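Geometric and topological summary
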Amino acid sequence: MIFNFSIFGSESDIVKFEQKSMKILLRILEKNELLASEIHFCMHEAILNVIQHAHLWDSSKPIEIRIFLNDTETEKQIEISITDQGPKISQLIQIPDHIEKFQLRKRGLYMISQIMDEFSISPSEKTGNITKMKKVIPLNLLKKGSENECEN
Amino acid sequence: MNVKINLIDDQFIHVSVKGDLSVFDEQFELFYEELIAYSRSGLYMFFFDFSAVNYIDSSGVSLLIRLAKPALDQKTMICIHIENMQVRRMFSVSNLDQLVHFVSSQEEALEFYKITLGFIPTAQS
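Criteria and cut-off values
- Residues numbered from 1 in each chain as written.
- Chains lettered and ligands numbered in written order.
- Predicted model: local features only at pLDDT ≥ 70, side-chain atom pairs only at ≥ 80, totals over all residues.
- Heavy atoms only, no water.
- Helix = DSSP H or I, 4+ residues; strand = E, 2+ residues; numbered from the N terminus.
- Rg over C-alpha atoms; globule rule 2.2 N^0.38 Å.
- Buried < 20%, exposed > 50% of the residue type's maximum accessible area, 1.4 Å probe, protein only.
- Contact = heavy atoms within 4.5 Å.
- Lys, Arg positive; Asp, Glu negative; His and termini not counted.
- Charge placed at Lys NZ, Arg CZ, Asp CG, Glu CD.
- Buried area = accessible area lost by both parts, 1.4 Å probe.
- Salt bridge = Lys/Arg side-chain N within 4 Å of Asp/Glu carboxyl O.
- Polar contact = N/O pair within 3.5 Å; in protein donor to acceptor, adjacent residues only side chain to side chain.
- Pairing = 2+ DSSP bridges.
- pLDDT = per-residue confidence, 0-100.
- Axes fitted to C-alpha atoms, helices over the stretch in contact; angles between N-to-C directions.
- Parallel < 35°, antiparallel > 145°, perpendicular 65-115°, else oblique.
- Nonpolar A, V, L, I, M, F, W, Y, C, P; charged D, E, K, R; others polar.

**Focus: the overall build of chain A**
Scanning chain A for helices and strands turns up 4 helices and 5 strands. Starting at the N terminus, the α and β elements of chain A follow one another as β-α-α-β-β-α-β-β-α. Computed over C-alpha atoms, the radius of gyration of chain A comes to 16 Å, within 12% of the 15 Å expected from 2.2 N^0.38 for 152 residues, which places it in the range of a compact globule. Counting only C-alpha atoms and orienting by the principal axes, one finds that chain A spans roughly 45 × 35 × 30 Å. Across the 152 residues of chain A, 47% fall into the buried class. For chain A, contacts bridging at least 24 residues in sequence account for 60% of all contacts bridging at least 6. Distance from the positive charge centre (19 side chains) to the negative charge centre (22 side chains) of chain A: 3 Å.

**Considerations on the interface of chain A and chain B**
Contacts between the two partners involve 25 residues from chain A, matched on the other side by 23 residues from chain B. For the chain A face of the interface with chain B, the top three residues by lost area are Phe-102, Leu-104 and Met-111 of chain A, together amounting to 25%. Taken together, chain A and chain B are joined by 1 salt bridge. Note that Glu-38 of chain A and Arg-89 of chain B form a salt bridge whose closest N and O atoms lie 2.3 Å from each other. Across the chain A-chain B interface, the total number found is 4 residue pairs in polar contact (both at pLDDT 80 or more). Put simply, the parts of the chain that give the side of chain A that touches chain B at least two residues each are helix 1 (11–28), helix 2 (33–54) and helix 3 (107–115) of chain A. Sorting elements by how many residues they give to the side of chain A that touches chain B places helix 2 of chain A first, with 10 residues.

**Quick notes on the pairing of strand 3 (residues 75–83) of chain A**
Residue and element names in this part refer to chain A. By the criterion of burial, strand 3 is predominantly enclosed, with 7 of the 9 residues buried. Both strand 2 (residues 63–71) and strand 3 contribute to a ladder of 8 bridges, which runs antiparallel. Note on strand 3: the bridge partner recorded for Leu-69 is Ile-78. Turn length for the strand 2-strand 3 hairpin, with the two strands adjacent in sequence and antiparallel, is 3 residues. In this structure, strand 3 lies alongside strand 5 (residues 129–138), joined through 9 bridges in antiparallel fashion. What sits directly across from Thr-83, in strand 5, is Ile-130.

**Some details on the side chain of Glu-45 of chain A**
Note on placement: Glu-45 of chain A falls in helix 2. Although Glu-45 of chain A is buried, it makes no salt bridge; Arg-107 of chain A carries the closest opposite charge, 10 Å away. Leaving out residues up to four positions away in the same chain, Glu-45 of chain A has contacts with Gly-108 and Ile-112 of chain A together with Asp-57 and Ser-58 of chain B.

**Re the confidence of the model for chain B**
When the pLDDT values of chain B are averaged, the result is 95; 98% of them are 70 or greater. Predicted complex, confidence summary: ipTM 0.82, pTM 0.88.

**A closer look at the packing of helix 1 (residues 28–40) of chain B against helix 2 (residues 58–73) of chain B**
All names here are of chain B. Across the interface, helix 1 lies against helix 2 with an axial gap of 10 Å and an inter-helix angle of 10°. On the basis of their axis angle, the class for helix 1 and helix 2 is roughly parallel. For the pair helix 1 and helix 2, contact is made by Phe-28, Phe-31, Tyr-32, Leu-35, Ile-36, Ser-39 and Arg-40 and by Ser-59, Gly-60, Leu-63, Arg-66, Leu-67 and Pro-70, respectively. Of the residues belonging to the contact of helix 1 with helix 2, the class tally is 8 nonpolar, 3 polar and 2 charged.

Shown next, in the form of structure tokens:
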């Protein structure tokens with residue numbers, strides 16, 4: 001299953017996209033709110049990173065977002081790619097695996113790396129850059145989460 | 001995002017937030033600037049009532065880190081009440097949970113500041 005979006009960097013565009021994507025995530029994650037919220041957070045942070053650092057708050061530049069869902073017998077794989085129109089970065093962005101107590105810069109990237117199984121930002125083959133994230137969710141974890149929500 | 005800020009005895013700031021604490025909320029910038037202004041004026045005793053907050057992003061986390069540092073310098077912490085599991089998870093993922101003190105009410109926050117700083121509001125003294 002593939003979902004494609006093209007949005008601009010205005011607050012209203014992003015808020016609308018985030019509402020839509022949250023609905024999709026809840027649906028594909030069988031209403032597991034904690035997991036959906038975590039992946040939603042990572043998309044939000046990746047888009048914020050694009051707007052701040054690649055588009056420099058220029059809301060006329062489009063952002064292409066692709067959510068790809070692959071189900072296997074034992075797990076769900078969610079792959080998200082976000083393509084920006086900013087200047088190409090010269091090399092892979094270093095994602096911090098550790099963060100200082102009061103460090104503000106790169107904390108959003110650090111948080112994404114703690115939630116996602118794979119996360120990278122690299123120059124795109126065409127224009128701009130591409131942020132890629134992947135989360136693998138074992139089906140038994142998903143069922144467990146749904147059961148806990150029912151119990152509550 | 002709906003925000004109410006109440007200053008008690010010119011020292012203790014009660015901040016009540018409802019909704020999403022996100023940089024894309026139109027109220028966020030004003031909220032950020034106001035709280036940083038309190039911090040710059042030397043105030044560090046904060047109680048954040050986030051019981052009705054559903055979402056926090058890294059900008060919200062950054063604001064709290066900036067407010068937490070002066071409190072830690074004074075050998076205390078900013079106090080936060082959270083009920084939402086997803087918001088609590090973001091505090092953990094960002095390591096912000098190591099810089100703040102979780103409480104369940106304003107009374108508990110005041111008790112914490114009484115213990116750590118000897119602060120007693122006028123109404124209670």
